[in-house]
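Residue-level structure breakdown
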Amino acid sequence: MEKSADHTPITTHLLNWYKEHKRQLPWRETSDAYSIWISEVILQQTRIAQGEDYFLRFMERFPNVQMLAEAEEEEVLKLWQGLGYYSRARNMHAAAKQIVGRFDGTFPNAYSDILSLKGVGEYTAAAISSIAFNEPRAVVDGNVQRVIARLFAIESSIHTSAGKKSIAEIAQSLIAEESPGSYNQALMDFGSMVCTPTQPRCTDCLLQDYCAAYAENRVIDFPVNNRKVPIKKRYFNYFHIVQGNSTFLQKRVMSDIWKNLYEFPLIETLSAMDFTQLEQTIEFSDLFSGIPSLTIDHLLTLKHQLTHQLIHTNFYRVIIPENYLFASPLNAIKIDKEQLSSYPVSRLTDKYITII
Ligand code: SF4
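As a starting point, this report considers the structure included with it. (Residues numbered from 1 in each chain as written. Predicted model: local features only at pLDDT ≥ 70, side-chain atom pairs only at ≥ 80, totals over all residues. Heavy atoms only, no water.)

1. What about the pattern of salt bridges?
Counted according to the given criterion, the structure contains 14 salt bridges. Between Arg-23 and Asp-189 there is a salt bridge whose closest N-O contact spans 3.3 Å. Within this pair, whereas Arg-23 is found in the loop between helix 1 (9-21) and helix 2 (33-43), its partner Asp-189 is found in helix 11 (residues 180-193), the two being separated by 166 residues in sequence. By relative accessible area, which is 3% here, Asp-189 ends up buried. Across the pair Arg-252 and Glu-263 runs a salt bridge, and its minimum N-O distance is 3.0 Å. A residue pair is termed long-range when its members are at least 10 positions apart, and Arg-252 in the loop between strand 2 (246-251) and strand 3 (262-263) and Glu-263 in strand 3 qualify at 11 residues. On the accessibility criterion, Arg-252 (1% relative accessible area) is buried. Glu-263 gets classed as buried once you look at its relative accessible area, which sits at 2%. Overlapping salt bridges bring together Arg-234, Arg-252, Asp-256, Glu-263 and Glu-268 as one network. (Salt bridge = Lys/Arg side-chain N within 4 Å of Asp/Glu carboxyl O. Helix = DSSP H or I, 4+ residues; strand = E, 2+ residues; numbered from the N terminus. Buried < 20%, exposed > 50% of the residue type's maximum accessible area, 1.4 Å probe, protein only.)

Here it is as structure tokens:
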């Protein structure tokens, strides 16, 4: 095996492995910082198979930073629909405007400038710097944490600053100075393809001889992860109001999940309520009092899981008289029902729309 004098054996093995097993992905065919940035943002919290389609669609519609900066936010959110974590799309749009405003439309090449862009944290800045600009900065994502925690049997939790610091320092110490982008991608790919969370392929692993966790027969003990995030339960009651050929949508403007996406008029309650209880609430009266005749059907119950929230949801369809002058509830907008699919909505609302 070819070996650079500067490399540790682990780095050399990883680079050789990467040459052979590198996944062919559209953003790996380029060193254009804009494309790499878009791919990195899409791939945070998204599987590669799903992210690839989004990346291709995004690049087709916004092939450069100027076009992204000039787009309406609603169009960006619509293209993002289904990927979740919508703050990523809003931040990316804002960062495109920063690049046009502060850097004349040229993607900055200094790490500190990249880090100053909206929504860009240390991980993304290191990924762009190393892959697009060959800067020797190690990236640390969940895959890297797992591989290094196992190789070096790191006993500190990956949620403590001591654990994070140890792993980041080791990742940096292993970096291949002349090909930092390949090293970073090799380590991440190795984590997702070989040193996987639950069934690592230790028996044919090329790093077996260097792996402390394997030597101690304690692979599943690493990475140490002692944080339990409580799941918050929420109770959403959506009202799909139908008036002739129209319906109503409202925009979520508060600082909460799904900011700036659209949804049907919503009553959120602190506990689960059946319709009889819901009817007694002030919010229900505010929404529907004064309407001479209402037909209400309970159409769907869904549980929607987000990372830290479980949303129990009821969807009701409410038919109101066509000739009734209905004041838009909760600042909702009245739209033609054919336009429903053109608005950016959460995956939860989209599930309902696709089955009605
Ligand atoms: Fe990961 Fe197992 Fe290889 Fe160690 S031996 S690096 S735990 S796959």
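Next comes the rest of the write-up.
2. Looking at the site of the ligand
Every residue close to the ligand is listed here: Arg-150, Leu-151, Cys-195, Pro-200, Cys-202, Cys-205, Gln-208, Cys-211, Tyr-214 and Val-219. For the shell around the ligand, the residue count by class is 8 nonpolar, 1 polar and 1 charged. (Near = heavy atom within 4 Å. Nonpolar A, V, L, I, M, F, W, Y, C, P; charged D, E, K, R; others polar.)

3. Quick look at unusual backbone geometry
The linkage connecting Phe-222 with the following residue, Pro-223, adopts the cis geometry, with an omega of -5°. Despite not being glycine, Trp-258 has its phi angle at roughly 60°, a positive value. Position of Trp-258 relative to the elements: it lies in the loop between strand 2 and strand 3. Look at Trp-258 and you get buried, because its relative accessible area is 8%. In the Ramachandran plot, Asn-260 falls in the positive-phi region, its phi being about 75° despite a non-glycine side chain. As for its placement among the helices and strands, Asn-260 is situated in the loop between strand 2 and strand 3.

4. So, helix 10 (residues 161-173)
Between its first and last C-alpha atoms helix 10 spans 18 Å; for 13 residues at 1.5 Å apiece the expected length is 18 Å, and the two agree. Against helix 9 (142-151) and helix 11 lie the buried residues of helix 10. (Expected span 1.5 Å × (residues − 1). Contact = heavy atoms within 4.5 Å.)

5. Digging into the packing of aromatic side chains
Under the criterion given, the structure shown has 18 aromatic pairs. Ring geometry for Phe-275 versus Tyr-316: centroids 5.4 Å apart, planes at 45°, classification tilted. Linking Phe-275 in helix 13 (residues 275-279) with Tyr-316 in strand 6 (residues 309-319), this pair joins segments that are 41 residues apart in sequence. With centroids separated by 5.0 Å and ring planes inclined at 55°, the aromatic side chains of Phe-284 and Phe-288 adopt a geometry described as tilted. Of this pair, Phe-284 and Phe-288 both sit in helix 14 (residues 282-288), 4 residues apart, which is roughly one turn of the helix. Each member of the pair Phe-284 and Phe-288 is classed as buried. Taken together, Phe-236, Tyr-238, Trp-258, Phe-264, Phe-315 and Tyr-352 form an aromatic cluster joined through their ring pairs. Lying across the ring of Tyr-54, Arg-57 places its NZ or CZ 4.7 Å from the centre. (Phe/Tyr/Trp six-rings, centres within 6.5 Å; stacked < 30°, edge-to-face > 60°. Lys NZ or Arg CZ within 6 Å of the ring centre and 35° of its normal.)

Function-wise, these values are silent; they only describe arrangement.
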